[in-house]
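One-letter residues, chain by chain:
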Protein chains: 2
Amino acid sequence: MNKIYNPKPETWSSILERPTKTVDDIEATVKEIFKEVQKKGDEAVAKYTSLFDGVEVDTMIVSEAEIQEAIVAVPQELKEAIALAKSNIMAFHRAQKTERVAVETAPGVSCWQEKRPIQKVGLYIPGGTAPLFSTVLMLAVPAEIAGCNEIVLCSPPDKEGKINPAILFAANLCGVTKIMKVGGIQAIAGLTFGTESIPKVYKIFGPGNQFVTIAKQLATQCGVAIDMPAGPSELLIVADNTAVPAFVASDLLSQAEHGVDSQVILVSTSKKLIDAVADEVATQIEALPRKAIAEKAIANSKLIYVENDTIALDLINEYGPEHFIVCTANDDFYIDEIQNAGSVFIGNYTPESAGDYASGTNHTLPTNGYAKNYSGVNLDSFTKAMTFQKISEKGIQNIGKAIEIMADAEGLQAHKNAVTLRLKALENGK
Amino acid sequence: MNKIYNPKPETWSSILERPTKTVDDIEATVKEIFKEVQKKGDEAVAKYTSLFDGVEVDTMIVSEAEIQEAIVAVPQELKEAIALAKSNIMAFHRAQKTERVAVETAPGVSCWQEKRPIQKVGLYIPGGTAPLFSTVLMLAVPAEIAGCNEIVLCSPPDKEGKINPAILFAANLCGVTKIMKVGGIQAIAGLTFGTESIPKVYKIFGPGNQFVTIAKQLATQCGVAIDMPAGPSELLIVADNTAVPAFVASDLLSQAEHGVDSQVILVSTSKKLIDAVADEVATQIEALPRKAIAEKAIANSKLIYVENDTIALDLINEYGPEHFIVCTANDDFYIDEIQNAGSVFIGNYTPESAGDYASGTNHTLPTNGYAKNYSGVNLDSFTKAMTFQKISEKGIQNIGKAIEIMADAEGLQAHKNAVTLRLKALENGK
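This is a predicted model, so every value here is computed, not measured.

## Observations concerning the overall build of chain A
Helices and strands together make up the secondary structure of chain A, namely 17 helices and 14 strands. Along the three orthogonal principal directions, the C-alpha set of chain A runs to about 85 × 60 × 45 Å. Within the span of chain A, comprising 430 residues, buried residues form 62% of the whole. Summed over its atoms, the accessible surface of chain A is roughly 15900 Å², and 49% of this surface lies on carbon and sulfur atoms. With 39 positive and 53 negative side-chain charges, chain A shows a separation of 8 Å between the mean positions of the two kinds.

If you want it as structure tokens, here you go:
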């Protein structure tokens, strides 16, 4: 772990720099697969499933029988944990519903805004060693609350052509309408263009490796929206002597085990805490099954000492962490003043893993500094705001003149005419 | 105008097809300019301003003196019209403010969501013959309400090195913090990377030509967010015999005068109305100064007869128009059931130009079918939703077990540890 004392503001950007990757070579591959899936549909998807996942599946669509099998296979204890998490996520995301916003901006001019669901959404759930059923909850629960008609989940099959039972169980529990055994670039391409089996959707959500990330980027150039650009997961903790070093260390490690490129930063106004946390990390890391991964991430981690909370805050706002744990005597200062963070965890008993699984907040959050300009996934991610207006005869008489003058000044005569005709009709008693 | 009677659903997608453009050649130019601006800053920007706008400006930053000059130059009548529009836009966007959403999802588990402003935003206003000061209002007013710290406006200088006074007047009126004489690709590149004069921003808003559109797309690959992908403006009207043909024609023409690639569609359950509108269009178009443009757009326009409102609605939802005018005996049916539209205009006295200028709704709307997955610009476009959570000792005891089970099932031991440590500390009375 790199201890850095009192870094000068002009060095912050280099200290806080995130690893970047060149993607030019991946891009060509992704484009090629997109073209092929667009042209050949299921045939191309099957080809790449065989190539990348090393398995041939008879049908991509997960059957009702497979779902029933999965329900049986998931241990009762896990089912109950998932039910509790779902209930909390549901409570928090339901509360995010907004009512119609209606304003009579001028007499006779009624304007309103309503959110309506995005009709077709695609949820991508990575495969691999860790079956991310928690991400199923984070995406499917708000999609169902929003009222999306079609909720399509894609996840790569394993060597037996199966999807992890916990993923199937969670998808079935949370209103997913179609589960597909397809992963990687070919899944994103399928959701983008539609194939014989995969429905074309309007927005794609979910995490993934580099290939999936680039594929989602390309999808945005093909008319599909995505939740947000992705990058390696990251955690920044600000803590002082009121924090328990063992807890802080456990949080840093829970981030570090995600991947070798995970970003882990501790900012503190206490050198004593920094030393104690470093010691704790060294001890706790020994017992981790994913020690090899965590060690690499921890080697790149930073423990930054600064003189006071104001400097700490400035530095944190410049970084814009995905996860931000606050555990200081001055928590309210940070809560009130933080501008750029995905999700904020407050106090000694709020580990990041609470938000990752079960507190109710969403764990699909902006990484890579995107907390400066993107929201984490929330209920509104599954809706679009539409506006409506209805103007009465009186109303157009009230604002018509202003429209005519402005349209005229912008040189748009037909825009003006549309008002002039109506005003004249009213003058002439129609 | 192309009259189409009772098209079969399987032909809808080809009838409603929007023109697409290949962008590969533009992309190379945009990438080159981005690289140069990133490397050379103001020097590169000045070079391209000279090349594309044909003018050398001493300083890109609009001075206080220039603003004062502009205030004097704008006619009083136009000032008043702008003030009225601003007041309506402000009223409607202020009403969109959302309160903090707070839920105790489980005893001792407090979660809340707050919107915080995106700190630095860039507004792009095109130059050319039509000075789009109305777009200044549509972008700067919500940015100011949201509380963005830095609101940077870029607009290309004319041959005299000036920006239209109405644009300067509106920018000054609506809280823009810095006005820059810079347009096109070089403006978007400047806002993306920052230069000596142009501040780096986190999100870029506003319309533009093909070059600006591609530049905004590229910006999203450089860490900057954008309002939405852009395409030619479009209007779909559904009308029956309760609509006034002259009004309908004037609305179609106000859309058609935007550009030769504007999309103009009328859907009706009345052949009589279709014929009457076609006649009115032929008459009204003669008087338009932008007749040449409107004629080309109208030549590609479609008048579609369908047998009933249900078919009409399905067709409209498949298209997803940017602007949607409803003028029928069944308005409520369309208002309730429309799923994909940017902004909806209801009744005989609600022309699209009302929303373009002064009703209060935003005129920056999703085109090109993006109404299916993107919101138009609204107050939330200038904020990001952040989540917060604070868990008490009791709270972690309530949900800790579930987190442990889920983390374990996902194979993330350190995530589990972060909870286990805390639960043990509580068991041991710390």
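That covers the picture; the talk isn't over yet.
## Considerations on the UniProt feature "binding site: NAD(+)" (unreviewed entry) in chain A
All names here are of chain A. UniProt feature "binding site: NAD(+)" (unreviewed entry): in the numbering of this structure it lies at Y124, Q186 and N209. The greatest C-alpha distance among the annotated residues, which extend across 86 residues, is 13.0 Å, indicating that they converge on a single site. Along the chain, Y124 falls in strand β4 (residues 120-124). Excluding anything up to four places from it in sequence, Y124 contacts C154, P156, V182, G183, G184, A187, I188, F205, G206, P207, G208 and V212. Only 2.7 Å separates the side chain of Y124 from the backbone nitrogen of G184, close enough to count as a polar contact. Each residue touching Q186, except ones within four places of it in the same chain, is listed here: I33, V37, V45, Y48, T49, F52 and D53.

## A short note on the UniProt feature "binding site: Zn(2+)" (unreviewed entry) in chain A
All names here are of chain A. Following the UniProt record, one finds the feature "binding site: Zn(2+)" (unreviewed entry) at Q255, H258, D356 and H415. Annotated residues spanning 161 residues; largest pairwise C-alpha distance 55.8 Å, indicating distribution over more than one region. Here D356 is to be found in helix α15 (residues 352-357).

## A word on the interface of chain B and chain A
Tallying the contact residues gives 119 residues for chain B and 119 residues for chain A. In total, chain B and chain A occlude about 10100 Å² of area from one another, counting both sides; carbon and sulfur atoms represent 61% of this. Our count for the chain B to chain A interface comes out at 2 salt bridges. Close ionic contact of D251 of chain B with R422 of chain A constitutes a salt bridge, the shortest N to O distance being 2.7 Å. At the boundary of chain B with chain A, the tally comes to 64 residue pairs in polar contact (both at pLDDT 80 or more). Here the side of chain B that touches chain A is built from residues that sort into 62 nonpolar, 39 polar and 18 charged.

## Structural notes on the pattern of salt bridges
Residue and element names in this part refer to chain A. Summed over the entire model, instances satisfying the criterion amount to 26 salt bridges over all chains. Residues D408 and K416 are paired through a salt bridge, measuring 4.0 Å at the closest nitrogen-oxygen approach. With a relative accessible area of 40%, D408 lands in the partly exposed category. Here the residues in one salt-bridge network are R100, E114 and R116, joined through shared partners.

## Here we look at the relation of the copies chain B and chain A
The two copies are related by a screw motion: chain B maps onto chain A through a turn of 180 degrees and a shift of 0.0 Å along the axis, at an RMSD of 0.0 Å. Accordingly, the operation relating the two chain copies is best matched by a two-fold axis. Minimal C-alpha separation from the rotation axis in chain B is found for T98 of chain B, amounting to 4.0 Å. The overlap is high: 100% of the interface residues of chain B also sit at the interface in chain A, so the same surface is used on both sides.

## Re the nonpolar core
Counting residues in each nonpolar core, the largest one holds 72 residues, and the members touching the most others are V121, L123, I179 and F382 of chain A together with M406 of chain B. Element by element, the count of residues in this core is highest for helix α6 (residues 133-146) of chain A, at 10 residues. The contacts of M406 of chain B, once residues within four sequence positions are left out, are L78, A81, I82, A85, F133, S134, L137 and Y357 of chain A. If you look at the next biggest cluster of nonpolar residues, it comprises 71 residues, including A402 of chain A together with I82, V121 and V176 of chain B.

## Remarks on the sheet that holds strand β1 (residues 2-5) of chain B
Here we have 9 strands laid out as an open sheet, ordered β2(A)-β3(A)-β14(A)-β13(B)-β12(B)-β9(B)-β10(B)-β11(B)-β1(B), and mixed in their pairing. Lying at the two open borders of the sheet, with one neighbouring strand each, are β2 (101-106) of chain A together with β1 of chain B. Taken pair by pair, the neighbouring strands of this sheet meet at an average axis angle of 20 degrees, ignoring direction. Pairing between β2 of chain A and strand β3 (residues 109-117) of chain A: 5 bridges, direction antiparallel. Looking across to β3 of chain A, one finds that A106 of chain A is bridged to V109 of chain A. Relative to the sheet, helix α16 (residues 393-409) of chain A contacts β2, β3 and β14 (383-391) of chain A, its axis offset from that of β14 of chain A by approximately 95 degrees.

## Things to note about a positive patch on the surface
On the surface, K31 and K35 of chain A together with K31 and K35 of chain B cluster together into a positively charged patch. Of all the elements in the fold, those that place two or more residues in the positive patch are α2 (24-40) of chain A together with α2 (24-40) of chain B. Looking at the element boundaries, K35 of chain B is found in helix α2.

## Thoughts on helix α10 (residues 245-256) of chain A
All names here are of chain A. With 12 residues, α10 extends 16 Å between its outermost C-alpha atoms, agreeing within 8% with the 16 Å of an ideal straight helix rising 1.5 Å per residue. Here α10 lies mainly inside the structure; 11 of its 12 residues are buried. Here α10 has its buried residues at A246, F247, V248, A249, S250, D251, L252, L253, S254, Q255 and A256.

## Quick word on the environment of N88 of chain B
Tracing the backbone shows N88 of chain B in helix α5 (residues 76-94). Sequence separation of N88 of chain B and A294 of chain B is 206 residues, and the distance between their C-alpha atoms is 29 Å. In this structure N88 of chain B touches T105, A106 and I399 of chain A together with A358, S359 and G360 of chain B, once residues within four positions along its chain are discounted. There is a polar contact of 2.8 Å between the side chain of N88 of chain B and the backbone oxygen of A358 of chain B.

## Regarding the packing of α5 of chain B against helix α6 (residues 133-146) of chain B
Residue and element names in this part refer to chain B. Between α5 and α6, the least distance of the axes is 10 Å, while the angle of their chain directions is 40 degrees. When the axes of α5 and α6 are compared, the pair comes out oblique. For the pair α5 and α6, the sense of crossing is right-handed. Along its contact with α5, which presents L78, I82, A85, K86, I89, M90, H93 and R94, the element α6 presents F133, L137, M138, V141, P142, E144 and I145. Grouping the constituent residues of the contact of α5 with α6 by class yields 11 nonpolar, 1 polar and 3 charged.

## Here's the deal with the environment of D408 of chain B
Looking at the element boundaries, D408 of chain B is found in helix α16 (residues 393-409). Ignoring sequence-local partners within four residues, the contact set of D408 of chain B consists of Q413 and K416 of chain B.

## Points about the sheet that holds strand β5 (residues 150-155) of chain B
Residue and element names in this part refer to chain B. Taken in spatial order, the 5 strands make up an open sheet running β6-β5-β4-β7-β8, and their pairing is parallel. Looking at which strands have only one partner, the edges of the open sheet turn out to be β6 (178-181) and β8 (225-226). Alignment of strand β7 (residues 203-205) against β8, held across 2 bridges, turns out to be parallel. Within β8, the position partnered with I204 by the bridge is I226. Its contacts with the sheet put helix α9 (residues 210-220) on β4 (120-124), β7 and β8, and the angle it makes with β7 is roughly 165 degrees.

## Considerations on the side chain of K216 of chain A
By secondary structure assignment, the location of K216 of chain A is in helix α9 (residues 210-220). Beyond its immediate stretch of four places on either side in the chain, K216 of chain A contacts I188, I204, F205, G206, I226, D227 and M228 of chain A.

## Structural notes on the packing of aromatic side chains
By the definition in use, this model includes 18 aromatic pairs over all chains. Measuring from centroid to centroid gives 4.1 Å for F205 of chain A and F382 of chain A, while their planes differ by 10 degrees, and the two rings are stacked. Taken together, the positions of F205 of chain A in strand β7 (residues 203-205) and F382 of chain A in the loop between α15 and β14 put the pair 177 residues apart, joining distant regions of the chain. For the ring pair W112 of chain B and F388 of chain B, a centre distance of 5.4 Å and an interplane angle of 5 degrees mean the geometry is stacked. Of the two residues, W112 of chain B sits in strand β3 (residues 109-117) while F388 of chain B sits in strand β14 (residues 383-391), which places them 276 residues apart along the sequence. Residue F388 of chain B is classed as buried on the basis of its relative accessible area of 0%.

## Let's talk about unusual backbone geometry
Residues other than glycine seldom take positive phi values, yet N368 of chain A does so here, at roughly 60 degrees. For N368 of chain A, the location among the structural elements is in the loop between α15 and β14. What makes N368 of chain A partly exposed here is its relative accessible area of 32%. For N6 of chain B, which is not glycine, the phi torsion reads 50 degrees and is therefore positive.

What counts, and where the lines are drawn
- Residues numbered from 1 in each chain as written.
- Chains lettered and ligands numbered in written order.
- Predicted model: local features only at pLDDT ≥ 70, side-chain atom pairs only at ≥ 80, totals over all residues.
- Heavy atoms only, no water.
- Helix = DSSP H or I, 4+ residues; strand = E, 2+ residues; numbered from the N terminus.
- Buried < 20%, exposed > 50% of the residue type's maximum accessible area, 1.4 Å probe, protein only.
- Areas by Shrake-Rupley, 256 points an atom, 1.4 Å probe, with all protein chains shown as cover.
- Lys, Arg positive; Asp, Glu negative; His and termini not counted.
- Charge placed at Lys NZ, Arg CZ, Asp CG, Glu CD.
- UniProt positions renumbered as here; feature names shortened; annotations may be inferred.
- Contact = heavy atoms within 4.5 Å.
- Polar contact = N/O pair within 3.5 Å; in protein donor to acceptor, adjacent residues only side chain to side chain.
- Buried area = accessible area lost by both parts, 1.4 Å probe.
- Salt bridge = Lys/Arg side-chain N within 4 Å of Asp/Glu carboxyl O.
- Nonpolar A, V, L, I, M, F, W, Y, C, P; charged D, E, K, R; others polar.
- Least-squares fit on C-alpha atoms with pLDDT ≥ 70 in both.
- Core = buried A, V, L, I, M, F, W, Y, C linked by side-chain atoms within 4.5 Å.
- Pairing = 2+ DSSP bridges.
- Axes fitted to C-alpha atoms, helices over the stretch in contact; angles between N-to-C directions.
- Patch = residues over 30% accessible without salt bridge, like charges linked within 9 Å, V, L, I, M, F, W, Y side chains within 5 Å.
- Expected span 1.5 Å × (residues − 1).
- Parallel < 35°, antiparallel > 145°, perpendicular 65-115°, else oblique.
- Left-handed = near helix turned anticlockwise from the far one by under 90°.
- Phe/Tyr/Trp six-rings, centres within 6.5 Å; stacked < 30°, edge-to-face > 60°.

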